[in-house]
Amino acid sequence: MAELVGPRLYSCCNCRNHVSLHDDVVSKAFQGRHGRAFLFSHAMNIVVGPKEDRNLTTGLHTVADISCADCQEVLGWKYERAYEASQKYKEGKFIFEKSKIVQENW
């Protein structure tokens, strides 16, 4: 009998709340506040905080911190606006710090 396997997920490191699908990874080559970070096209079970302008490695962006909806652990941020044309692809996408998420169903 075949074993059913669900989608590969990423979960909050603190409470294991599902926060994104592996299929939504855009890039694993990003830098977060605390080391490596992944860029995702979609997120779930998160709370988006207030917008603020931040000077990041690639220039000025309007971002909002994202937190786990269950335990409120800050997991990364959402790109709300990029001011440089070459960075516009990030708008509406999510950064998850690698140290703040764990893999599920791998």
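This text follows the structure it describes.
Quick notes on the rules
Residues numbered from 1 in each chain as written. Predicted model: local features only at pLDDT ≥ 70, side-chain atom pairs only at ≥ 80, totals over all residues. Heavy atoms only, no water. Salt bridge = Lys/Arg side-chain N within 4 Å of Asp/Glu carboxyl O. Buried < 20%, exposed > 50% of the residue type's maximum accessible area, 1.4 Å probe, protein only. Helix = DSSP H or I, 4+ residues; strand = E, 2+ residues; numbered from the N terminus. Pairing = 2+ DSSP bridges.

### Remarks on the pattern of salt bridges
In step 1: Enumeration according to the criterion identifies six salt bridges in this entry.
In step 2: As a salt-bridge pair, R54 and E52 come within 2.9 Å of each other at their nearest N and O atoms.
In step 3: For E52, a relative accessible area of 38% translates into the label partly exposed.
In step 4: In this structure, K88 engages E91 in a salt bridge whose closest nitrogen and oxygen atoms are separated by 3.3 Å.
In step 5: Residue classification places K88 among the partly exposed positions, given a relative accessible area of 36%.
In step 6: According to the relative accessible area criterion, E91 is partly exposed, its value standing at 31%.
In step 7: One continuous salt-bridge network, built from bridges that share partners, spans R33, E52, R54 and D65.

### So, the pairing of strand β4 (residues 35-40)
In step 1: Most of β4 sits out of view: five of its six residues are buried.
In step 2: Bridge count between strand β3 (residues 25-32) and β4: five bridges; the pairing is antiparallel. From the neighbouring strand, F30 faces β4, where its bridge partner is A37.
In step 3: Between β3 and β4, which pair antiparallel in sequence order, lie two residues.
In step 4: Summarising the sheet, β4 and strand β8 (residues 94-97) pair through four bridges and their orientation is antiparallel. The residue of β8 that forms the bridge with L39 is I95.

### Here we look at the environment of V47
In step 1: Assignment of secondary structure puts V47 in strand β5 (residues 46-56).
In step 2: For the pair V47 and S67, spaced 20 residues apart in sequence, the C-alpha separation works out to 5.2 Å.

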